[in-house]
Amino acid sequence: HTHTHTNASTHDLNMHSVCATRLATASSRQVRSIAARLVSTTSAGSEPTKKHGLGIGNIRSGLGAIHRVKIKAPGFISCPRTVSVIGAPMTFGQPFAGTDEGPKALRDAGLYESLLKMGWRLHDHGDLQFDPPTQSDADYEGEGMCLLPYSVGRGNKKIKDAVFSAASQGHFSLVLGGDHSIGLGSVAGVLSARPDTGVVWVDAHADLNTPATSPSGNMHGMPLAFLLGMIDIKEIPGHSWLEKVPRLEPEQLVYIALRDVDRGERHFIEKMGIKAFTMFHVDKYGIGKVMEMALDHLDGRPLHLSYDIDACDPVIAPATGTEVRGGLTYREAHYVAEAVWESQQLGSMDIVEVNPALHDTGSDDRDVTVDLGLALITSALGNRIL
């Protein structure tokens with residue numbers, strides 16, 4: 001999508017139309033070259049298209065894009081169906097400031113209006129308050145690295161309690177991150193209410209490191225290792241509450257869109273037999289077949305969707321801390337969310353790593369990424385093109 005101008009020549013307008021059509025169907029490998037053509041073909045004397053984002057996020061932005069399709073909610077969601085919105089502005093799992101701005105940015109972009117227009121009742125719990133780390137906090141003293149474990153653990157306990165309360169009332173739990181370490185509390189809360197829940201983990205990264213295998217020690221790369229019982233929680237300050245949480249079994253987990261997997265994580269995925277669909281599989285089979293296979297694997301289970309915005313290609317989601325080229329295109333990203341909702345088993349979701357602070361001066365990186373995050377939420381809760 002690109003803006004047109006009244007003084008553009010017919011050739012320029014045709015070129016924009018052709019490029020926009022190609023952009024909608026191109027593989028992520030092609031997007032950047034198409035983007036360059038969009039910039040270079042802007043008419044003389046007009047304002048050039050911005051380098052990042054390219055206004056792609058505006059394709060489905062705004063309340064006018066909301067179109068509810070009546071698909072039955074799962075039986076465990078109470079009637080009238082209600083979304084419990086839980087803000088989890090935690091940044092302690094990674095080194096970049098700004099992920100704590102994600103919940104407010106998503107709300108300001110029109111979250112409430114979108115959900116109400118789609119027929120959901122709304123219960124906003126506001127943002128949970130997380131105490132900052134202090135020098136007196138207990139540190140991890142085992143093998144490898146685990147940074148700020150006490151703060152991350154204590155924060156995730158609050159998230160777990162809030163999600164469990166919402167799920168126990170039959171509400172759809174929507175957690176707004178925050179970095180992906182909040183996935184520990186989000187999934188733990190759902191498992192406490194529905195232990196057989198299947199988890200669709202959409203991410204460029206596997207988030208399966210232990211302190212011993214983590215190259216960085218950042219805990220946003222470890223939540224699944226905790227949930228799968230791969231870490232002795234007695235060694236990790238702030239995490240004793242996990243002892244009472246049902247363990248996530250490997251067959252309850254499916255990965256979508258992996259493309260940056262650490263060596264230790266690769267070993268764990270193979271050893272535990274976790275169902276994992278990388279971007280290779282998306283290229284080989286197409287996103288439709290990938291989601292069919294993923295949902296078949298989790299058939300019959302309540303579902304939780306954990307959506308890291310960095311699963312998407314940086315061209316469409318530039319404002320995130322761990323971007324990796326070659327990710328999901330705009331439509332692929334939406335199809336993932338749409339397919340999970342159409343399973344009629346989705347009961348909870350978290351959206352993470354939207355970082356409004358990470359944008360180039362003068363670019364629309366922030367707005368494009370926030371807009372995409374909001375649009376993915378609406379797709380996961382029933383919004384459709386027709």
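Summarised in this report is the structure supplied together with it. (Residues numbered from 1 in each chain as written. Predicted model: local features only at pLDDT ≥ 70, side-chain atom pairs only at ≥ 80, totals over all residues. Heavy atoms only, no water.)

This part is about the pattern of salt bridges. Oppositely charged side chains may form a pair once their charged atoms are brought near each other. Within the structure shown, the criterion is met by nine salt bridges. Measuring nitrogen to oxygen at the nearest pair gives 2.7 Å for the salt bridge that ties Arg-107 to Asp-127. Here Asp-127 lies in strand 2 (residues 121-127) and Arg-107 lies in helix 3 (residues 102-108), a separation of 20 residues in the sequence. Judged by relative accessible area, which is 13%, Arg-107 ranks as buried. Between Asp-367 and Arg-366 there is a salt bridge whose closest N-O contact spans 3.2 Å. Here the salt bridges share partners, and the residues they tie into one network are Arg-107, Asp-124 and Asp-127. (Salt bridge = Lys/Arg side-chain N within 4 Å of Asp/Glu carboxyl O. Helix = DSSP H or I, 4+ residues; strand = E, 2+ residues; numbered from the N terminus. Buried < 20%, exposed > 50% of the residue type's maximum accessible area, 1.4 Å probe, protein only.)

Following Cys-79, the chain continues into Pro-80 via a peptide bond in cis, with omega recorded as 0 degrees. Cis geometry is adopted by the peptide bond preceding Gly-178, which originates at Gly-177 and carries an omega value of 15 degrees. Here Gly-178 is to be found in the loop between strand 3 (172-177) and helix 6 (182-193). In this structure, Gln-344 takes a positive phi of about 60 degrees despite not being glycine.

Counting buried positions along strand 3 gives six out of six residues, so the element sits mostly inside the fold. Burial along strand 3 is two-sided: Phe-172, Leu-174 and Leu-176 and Ser-173, Val-175 and Gly-177, pointing in opposite directions, are all buried. As judged from the six bridges shared by strand 1 (residues 82-88) and strand 3, these two strands associate in the parallel manner. Looking at the pairing, Val-83 lines up with Phe-172 of strand 3. Where strand 3 meets strand 8 (residues 346-352), four bridges bridge the pair, whose relative direction is parallel. (Pairing = 2+ DSSP bridges.)

Here eight strands make up an open sheet; going across it, the order is 2-1-3-8-7-4-5-6 and the pairing parallel. In this open sheet, the two edge strands, each paired with only one partner strand, are strand 2 and strand 6 (275-278). With direction set aside, neighbouring strand axes in the sheet form an average angle of 15 degrees. Relative to strand 5 (residues 253-258), strand 4 (residues 198-202) runs parallel, the two being bridged by four bridges. (Axes fitted to C-alpha atoms, helices over the stretch in contact; angles between N-to-C directions.)

Moving on to the nonpolar core. Within the largest apolar cluster, 56 residues are counted, with the highest numbers of intra-cluster contacts made by Leu-174, Ile-256, Tyr-307, Leu-328, Met-349 and Leu-381. If near-sequence neighbours (up to four positions away) are discounted, Tyr-307 is found in contact with Val-202, Cys-312, Leu-328, Ala-333, Val-336, Ala-337, Met-349, Asp-350, Ile-351, Val-352 and Leu-376. Membership of the second largest hydrophobic core comes to 45 residues, among which are Ala-88, Phe-226, Tyr-255 and Val-352. (Core = buried A, V, L, I, M, F, W, Y, C linked by side-chain atoms within 4.5 Å. Contact = heavy atoms within 4.5 Å.)

Applying the stated criterion across every chain yields a total of two aromatic pairs. A centroid spacing of 5.7 Å and a plane angle of 65 degrees characterise the contact between Trp-120 and Phe-172, whose relative ring orientation is edge-to-face. Of this pair, Trp-120 sits in the loop between helix 4 (111-117) and strand 2 while Phe-172 sits in strand 3, and the two are 52 residues apart along the sequence. For Phe-172, a relative accessible area of 0% corresponds to the buried category. Here the aromatic residues Trp-120, Phe-172 and Trp-341 are joined through ring pairs into a cluster of three or more. Above the plane of the ring of Trp-120 lies Arg-81, whose end atom (NZ or CZ) is 4.4 Å from the centre. In this structure, Lys-160 packs its charged tip against the face of Phe-164, placed 5.8 Å from the ring centre. (Phe/Tyr/Trp six-rings, centres within 6.5 Å; stacked < 30°, edge-to-face > 60°. Lys NZ or Arg CZ within 6 Å of the ring centre and 35° of its normal.)

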